[in-house]
Amino acid sequence: MTFTPHGKHLIAGEWIGSDSTFRSEPASGEAHTFSMGSKALVEQACEASEDAFWTYGYTSREERARFLETIADEIEARGEDITAIGTSESGLPEGRLQGERGRTTGQLRMFADHIRKGEYLDFRHDAAMPDRKPAPRPDLRMLERPIGPIAVFGASNFPLAFSTAGGDTAAALAAGCPVVVKGHDAHPGTAEIVAEAIHAAIEKCDMPAGTFSLVQGGKRDVGQALVQHPLIKAVGFTGSLAGGRALYDLCAQRPEPIPFYGELGSVNPMFLLPEAMGARSAEIAKGWAGSLAMGAGQFCTNPGIAVVLEEKADAFANAVKEALGGTGSQVMLTDGIAKAYREGQARIAGGPGVQEVLTTNCDARNATPYLYRVGGKDWLDNAELSDEVFGPLGLLVTARDTDEMIAIARSLEGQLTVTLHLDDADQELGRKLMTVLERKAGRVLANGFPTGVEVSDAMVHGGPFPASTNFGATSVGTLSIRRFLRPVCYQNMPEALLPEDAR
Ligand code: NAP
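Residues numbered from 1 in each chain as written. Predicted model: local features only at pLDDT ≥ 70, side-chain atom pairs only at ≥ 80, totals over all residues. Heavy atoms only, no water.

The name an unreviewed UniProt entry assigns to the protein is Aldehyde dehydrogenase (NADP(+)), from the organism Pararhizobium mangrovi.

Some words on the environment of Pro499
By the element assignment, Pro499 lies in the segment after strand S21 (485–491). In sequence terms Pro499 and Asp426 are 73 residues apart; their C-alpha atoms lie 53 Å from each other. Setting aside chain neighbours within four positions, we find Pro499 in contact with Leu143, Arg145 and Tyr490. (Helix = DSSP H or I, 4+ residues; strand = E, 2+ residues; numbered from the N terminus. Contact = heavy atoms within 4.5 Å.)

So, the pattern of salt bridges
The tally for this structure, following the rule as stated, stands at 23 salt bridges. A salt bridge links Asp113 to Arg116, with the shortest nitrogen-to-oxygen separation between them at 4.0 Å. Residue Asp113 and its partner Arg116 are both found in helix H4 (residues 94–117); the two are separated by 3 residues, about one turn of the helix. The exposure class assigned to Asp113 is partly exposed, which follows from its relative accessible area of 42%. What makes Arg116 partly exposed here is its relative accessible area of 31%. The partner of Arg245 in a salt bridge is Asp249, with the nearest N and O atoms 3.2 Å apart. With a gap of 4 residues between them, Arg245 and Asp249 both fall in helix H8 (residues 241–253), about one helical turn apart. Among the residues examined, Arg245 registers a relative accessible area of 37% and is labelled partly exposed. (Salt bridge = Lys/Arg side-chain N within 4 Å of Asp/Glu carboxyl O. Buried < 20%, exposed > 50% of the residue type's maximum accessible area, 1.4 Å probe, protein only.)

With respect to the nonpolar core
Side chains of a nonpolar character, in soluble globular proteins, are inclined to be buried together. Phe212, Phe271, Trp379, Leu395, Met405, Leu433 and Phe484 are the most contacted members of the largest nonpolar core, which totals 95 residues. Per element, the largest residue contribution to this core is 8 residues, and it comes from helix H6 (residues 188–205). When we break this core down by domain, the ones giving at least three residues each are domain 1 (9–18 + 33–264 + 468–502) and domain 2 (270–446). Discounting residues that sit within four places of it in the chain, Leu395 has contacts with Trp288, Gly304, Ile305, Ala306, Ile348, Tyr372, Arg373, Val374, Trp379 and Leu385. (Core = buried A, V, L, I, M, F, W, Y, C linked by side-chain atoms within 4.5 Å. Domains from an automatic or database assignment.)

Written out as structure tokens, the structure reads:
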């Protein structure tokens, strides 16, 4: 690795240190020292961001598209160093970091194409009707406009695709909004090298210095100061329910409340219908085990719960156990996440009526898979069994009959995804479940597994609370740009004063 972090924040185009520092806690390799964030640094970054908005918010779509593509190029130019530091800090394998880099540059380029097309502006024009009776109609033009500086929280589980230059940042920059990122302590060096790439793109494209800032973390008051700063107009966040809820409440309590787009927890239930189970139970078991254990289960779309009829449960549980049995121990992203996994596992294991199917032995920063089963009634009576355990833990919920399966579906909280495994002969039950499941999740899948989120036009990565704090939004795909736009109507405005896109 040739990159050694200098440990500074990036604010208004300058790399700035601070007196207090923290040490990174890499999964492997050398720890480094980083300047700790502070309220004063948040203040500087937000002011630089607002200054930048007066220019950046009025750049053309083509200028911003070229800027996004240049960021992607600059990330690629640092590709090997990014993989090296990202692997060291997160413990994720090299292939994962390389894939995530491709996704990150891919979504930057996708947003460049998207804004070039201009459809996201949702331009509407009601031509004037001066002779309309009883009253004339004015000329009305509507256009989506950028809202101002955006705060983005780096996510622990996606050091690239949901962090410094990840989906939230790409969508905000595409919209015309400057960004202040609060780095995640789990990967401060990765944040720094990606911020270097964005800094280089700002200089090459002659964008205002405050278009992007990185304030490293270190203490809770950094994130709190950021969401409460009066110049910040919206927040993009991926993380825990507790953290997201606390920050959401702070946003709502501000003198000027702002939208908080939090992508929080989800157990992503799968409903395994009887005919499909009769035809391919072993195949579904294998698929579930693979999706559950992938990346040590540290995906927001990890399918933590499978609902199956009791009569099919024994053979299925054995098949999943066998498929999971081959999964070795995997290093988790942080000590805190590993500790939370062990606590979650103990909570499920001690739940009323819960039986163990596969118990393993994870310690320190490592995760091994666990599988439990519980009857539908016990699951319905004990809400804590439906809380997310972030890691490779599966809970098989056995339903007495199809009515209980539907009752389980109706009792679900908001989810990022729900999945049906069904065959043609399951369609009647499938239709009944669909009317329920559609109300519960941002994405409903058939005969697949929810990990692996396509970045595209039709993707929705969001859902009713607690999957997200804003059910009208997605944090993945082109639709995610909407979070950082606001419709403005121009009435009888002389053409010379209209934004170019509204002329
Ligand atoms: P987190 O604890 O919610 O932290 C995410 C970010 O929010 C961090 O920058 C954190 O800062 C900040 N933050 C959290 N609570 C805050 C508060 N009250 N005030 C100000 N800032 C606050 O999430 P995490 O570190 O990624 O992982 C912890 C747990 O989150 C995991 O065990 C898992 O359960 C869950 N998680 C879920 C998903 C998902 O997609 N569903 C993804 C990742 C993690 P500090 O670092 O300074 O605390």
